[in-house]
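# Residue-level structural notes
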Amino acid sequence: QVQLVESGGGLVQPGGSLRLSCAGSGFTFSIYTMRWYRQAPGKERELVAGISRSGGTTNYADSVKGRFTISRDNFKKSVYLQMNGLKPEDTAVYYCNTEDPYDDRRAYWGQGTQVTVSS
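Calculation notes
Residues numbered from 1 in each chain as written. Predicted model: local features only at pLDDT ≥ 70, side-chain atom pairs only at ≥ 80, totals over all residues. Heavy atoms only, no water. Salt bridge = Lys/Arg side-chain N within 4 Å of Asp/Glu carboxyl O. Buried < 20%, exposed > 50% of the residue type's maximum accessible area, 1.4 Å probe, protein only. Helix = DSSP H or I, 4+ residues; strand = E, 2+ residues; numbered from the N terminus. Contact = heavy atoms within 4.5 Å. Pairing = 2+ DSSP bridges. Axes fitted to C-alpha atoms, helices over the stretch in contact; angles between N-to-C directions. Disulfide = S-S within 2.5 Å.

### Re the pattern of salt bridges
Taken as a whole, this structure holds seven salt bridges when the rule is applied. With a closest N to O distance of 2.6 Å, Glu-46 and Arg-38 form a salt bridge. By relative accessible area, Arg-38 is classed as buried at 5%. Each of the salt bridges in this network shares a partner with another, and the network as a whole consists of Arg-38, Glu-46, Arg-67 and Asp-90.

### Overview of the environment of Gly-15
Tracing the backbone through its elements, the reader meets Gly-15 in the loop between β2 (10-12) and β3 (18-25). In the structure, Gly-15 is positioned 71 residues away from Leu-86 in sequence and 4.8 Å away in space, judged by C-alpha atoms. Contacts of Gly-15, omitting those with residues within four sequence positions, involve Gly-85 and Leu-86.

### Considering the pairing of strand β4 (residues 34-39)
With five of six residues buried, β4 is to be regarded as a mostly interior element. Both β4 and strand β5 (residues 46-51) contribute to a ladder of five bridges, which runs antiparallel. Residue pairing across strands places Arg-35 opposite Gly-50, the latter belonging to β5. In sequence, β4 turns back onto β5 through a hairpin of six residues, with Gly-42 there showing a positive phi of about 75°. In the sheet, β4 pairs with strand β9 (residues 92-100) via six bridges, with the strands oriented antiparallel.

### Points about the sheet that holds strand β8 (residues 78-83)
In space, the four strands of this open sheet follow the order β1-β3-β8-β7, with antiparallel pairing throughout. Because the sheet does not close on itself, it has two edges, and the strands there are β1 (3-7) and β7 (68-73). Along the sheet, successive strands turn relative to each other by an average axial angle of 15°, direction set aside. As paired strands, β1 and β3 are joined by five bridges and run antiparallel to one another. Bridged to Val-5 within β3 is Ala-23.

### Describing the state of the cysteines
Here is the idea: a disulfide is a covalent bond, and it sits between the sulfur atoms of two cysteines. A complete count under the given rule lists one disulfide for this structure. The disulfide bridge from Cys-22 ends at Cys-96, spanning 2.1 Å between sulfur atoms. Taking the sign of the S-S torsion, about -80° here, the bridge from Cys-22 to Cys-96 comes out left-handed. Within this pair, whereas Cys-22 is found in strand β3, its partner Cys-96 is found in strand β9, the two being separated by 74 residues in sequence. In this pair, the class of Cys-22 matches that of Cys-96, namely buried.

And the structure:
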């Protein structure tokens, strides 16, 4: 079955950096668009970044543009989120997401990884 496992979260000071990883299994990783979402306490889940199957196209939420970079390694079946210049408002649980390219009703989520930005 499809599995997404995130790692790399933690506590970091404002201005610091973290790199999140998401390892996929149980599906043909290279043909799936991959995304990172986040959900802060009391807020709705929001899209942070997305990357196309080949990695040639990326998109970002305005709030993270210029600070976050999404990338993927199809050989390692992994997607990454490099987060620089972290701010307290980036504090959230970060989730890896994908959906079946042939049936967008089939969406898959990881368990999430906590990112806390605080001094």
